[in-house]
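Listed here are the chains, written in short residue letters.
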Amino acid sequence: YNKSNISLVRTLKTKNGEKIVEVFKSPIIDISGEVIGIVCTMRDVTEVKNQEAKIKKMAYTDSLTGLANRRGLYNYVESQLVKKYADVTIMFMDLDNFKSLNDSFGHQHGDRILIEFGEDLQTICKNGFVSRIGGDEFVIVWEGKMNKELATEMAEKILNLLSGKKRKFNKLSASIGIVTGNTEEDTIDNFLTKGDLALYKAKDQGKNQYVFYNRDLDKKRCLNEEIEQDLRNALDKDELELHYQPQYTCSKELVGLEALLRWNNDKYRKVPIVDIINIMEKSTLIDEIGKFIIKSAFSFAKKINNNREKKVIVSVNISAVQIMKHNFVRTIKKIIDETGVEPNTVGIEITETVLLQNIGENILKIKELKDIGIKISLDDFGTGYSSFSYLVKIPLSNIKIDKSFIWGMKDSEEYRTLVKLCIDTAHALNLKVVAEGVETVEDLGLLKYMKADFIQGYLFSKPLPKHIIEATVLQ
Ligand code: C2E
Ligand code: MG
Ligand code: MG
């Protein structure tokens with residue numbers, strides 16, 4: 001027996017059930033240094049230990065759903081899986097548009113959805129560890145590497161949970177990022193980062209879907225960060241510029257110019273401008289660059305229409321993110337004042353995505369602009385939800401049929417019928433129709449026959465820099 005004190009916690013079986021006791025032993029040592037006995041004390045700590053366990057459990061539990069919270073997830077992975085060097089399959093999910101659902105139906109309602117969804121997840125992911133790590137973010141961990149088929153099946157089951165008939169809210173869906181790996185090679189933080197990237201990708205591709213993590217997503221992230229960095233300096237360096245693509249009547253009378261952003265930076269020449277705009281939208285860059293775009297286009301509209309009898313409408317693309325800014329209308333009006341442009345010589349192009357969030361508010365904003373004379377175009381009609389009901393809901397001046405529909409006409413009777421239907425419906429609602437991406441004489445012939453009002457496309461002209469527009473198109 002060594003000569004130090006010892007304290008132990010033990011479970012004892014007693015008549016009244018189990019007790020947790022703390023045992024404290026200390027040696028009795030005689031004058032020569034011999035241990036001649038032990039003093040042993042025992043304290044009942046059952047209550048204390050139970051409280052501790054409760055607190056620990058609470059710290060690891062999400063009070064709303066009763067699932068594990070973020071700490072609980074970390075605890076599970078670190079205490080159960082890391083030691084075993086276990087393979088894992090992890091799914092990260094996030095409800096789509098949950099915030100707007102919460103805003104429109106109230107928090108109580110949102111809470112109920114989270115609780116129900118949590119319960120359903122536990123039911124279908126029987127052998128998985130289900131956790132809620134934040135607002136509408138859920139993470140499920142399975143021990144073992146699922147193969148792609150199995151993981152796909154599981155992800156689909158989860159998505160079906162939400163789209164299933166029993167849900168009263170047909171707009172509810174989720175996006176899922178899937179990662180597999182080994183707890184020896186990756187920390188839980190690494191898994192979370194990878195899952196986030198895959199989840200982000202799923203959102204980016206239109207939500208309500210799952211994406212498997214792969215290395216390319218890392219590369220993409222780095223590239224996007226670099227682009228964002230360089231974009232921050234682009235305005236100062238004078239690298240941003242608008243090109244203008246003419247819009248004509250079928251008999252080639254100039255009616256409008258669409259402003260399209262160009263970034264004169266050799267490094268990114270190959271990156272499609274839509275990707276650049278996506279990056280702007282996800283940062284605060286869209287505010288400043290958006291204003292620059294509107295201002296440049298409106299100044300140009302003022303300049304070219306000064307002595308022109310038949311006005312040429314200059315339109316700018318406006319993303320939903322821009323419209324959602326609380327001061328959007330004020331910004332536009334301010335730019336009109338500053339540039340002195342006639343509001344009826346400018347237009348904005350919006351897409352159906354403005355109806356995904358804050359519908360009522362956005363519609364009011366658009367109406368306010370239309371009322372002062374600004375033309376409103378619905379861009380890319382045919383690609384998004386393409387519900388004809390939108391044509392009534394949004395106060396519009398014209399619709400732009402997406403180029404994929406125009407290109408489809410060449411070899412598909414169905415596309416021809418659809419384009420004709422779009423044109424007729426628009427006309428019935430007193431809206432004009434612009435056909436985008438018109439590249440061939442055959443397309444033009446068909447569109448003329450179907451009574452499309454305006455033509456935009458490479459057949460007549462590509463987007464061109466300002467000075468060329470002035471020197472050629474406007475002459
Ligand atoms: P969009 O508004 O639908 O613009 C039309 C796109 O189709 C332009 O591509 C244009 O160059 C291209 N295009 C026009 N005619 C033809 C054709 O006959 N054949 C082919 N192959 N393409 C044609 P771009 O400039 O690359 O712009 C792509 C998208 O990026 C635009 O689609 C718009 O959604 C967005 N975008 C461009 N500039 C801006 C901007 O300043 N602000 C915002 N928010 N979005 C912008
Ligand atoms: Mg456009
Ligand atoms: Mg378009």
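Conventions and cut-offs
Residues numbered from 1 in each chain as written. Chains lettered and ligands numbered in written order. Predicted model: local features only at pLDDT ≥ 70, side-chain atom pairs only at ≥ 80, totals over all residues. Heavy atoms only, no water. Near = heavy atom within 4 Å. Polar contact = N/O pair within 3.5 Å; in protein donor to acceptor, adjacent residues only side chain to side chain. Helix = DSSP H or I, 4+ residues; strand = E, 2+ residues; numbered from the N terminus. Nonpolar A, V, L, I, M, F, W, Y, C, P; charged D, E, K, R; others polar. Donors = N, O, S within 2.8 Å, 3.2 Å for Na, K, Ca; no water. Buried < 20%, exposed > 50% of the residue type's maximum accessible area, 1.4 Å probe, protein only. Pairing = 2+ DSSP bridges. Axes fitted to C-alpha atoms, helices over the stretch in contact; angles between N-to-C directions. Contact = heavy atoms within 4.5 Å.

Chemist: Hey, could you go over the site of ligand 1 for me, with residue numbers and the actual values?
Modeler: Within the structure, ligand 1 sits among 24 residues, and R262, N317, D379, E439 and Y458 are positioned closest to it. Taking Q245, its side chain carries an N or O atom lying 3.1 Å from a nitrogen atom of ligand 1. A distance of 2.7 Å is found between an oxygen atom of ligand 1 and a side-chain nitrogen or oxygen belonging to D379. Contributions of two or more residues to the shell around ligand 1 are made by β10 (254-263), α8 (273-282), β13 (375-381) and α14 (403-408). In terms of residue count, β10 provides more of the shell around ligand 1 than any other element does, 4 residues in total. Looking at the shell around ligand 1, its residues break down into 10 nonpolar, 6 polar and 8 charged.

Chemist: Go over the coordination of the magnesium ion (ligand 3), please, and point to the residues and values.
Modeler: Every protein donor of the magnesium ion (ligand 3) is accounted for by D379 (OD), D380 (OD), E436 (OE) and E436 (OE), and the metal-donor separations fall at 2.0 to 2.6 Å. Donor residues for the magnesium ion (ligand 3) sit on one chain with the sequence pattern D-D-x55-E. A separation of 4.1 Å is found between the magnesium ion (ligand 3) and the magnesium ion (ligand 2), which are bridged by D379. Of this pair, D380 sits in strand β13 while E436 sits in the loop between β15 (432-435) and α16 (441-449), placing them 56 residues apart in sequence. For E436, a relative accessible area of 7% translates into the label buried.

Chemist: Can you explain the coordination of the magnesium ion (ligand 2)? Please cite residues and give values.
Modeler: Protein coordination of the magnesium ion (ligand 2) is provided by E258 (OE), N317 (OD1), E349 (OE) and D379 (OD), with donor distances spanning 2.0 to 2.2 Å. In primary sequence terms, the donor set of the magnesium ion (ligand 2) follows E-x58-N-x31-E-x29-D. Assessed through its relative accessible area of 29%, N317 is described here as partly exposed.

Chemist: Please set out unusual backbone geometry residue by residue, giving values where relevant.
Modeler: Only a minority of non-glycine residues have a phi that is not negative, and only a minority of peptide bonds are not trans. Unusually for a residue other than glycine, K207 sits at a positive phi of about 65°. Within the fold, K207 resides in the loop between α6 (188-204) and β8 (210-212). Positive phi, close to 70°, is recorded for K451, a residue that is not glycine. As for its placement among the helices and strands, K451 is situated in the loop between α16 and β16 (454-455).

Chemist: Which residues make up the sheet that holds β8, and what values go with them?
Modeler: The strand order β5-β6-β4-β7-β8 describes an open sheet built from 5 strands, whose pairing is mixed. Single-partner strands in this sheet number two, and they are β5 (129-134) and β8. Averaged over neighbouring strand pairs, the angle between their axes works out to 20° when direction is ignored. Of the strand pairs in this sheet, strand β4 (residues 87-95) and strand β6 (residues 137-143) are connected by 7 bridges, and their pairing is antiparallel. Within the sheet, the bridge partner assigned to F92 lies in β6 and is V139. Where α6 meets the sheet, its contacts fall on β4, β5, β6, β7 (174-182) and β8, and the angle it forms with β7 comes to roughly 145°.

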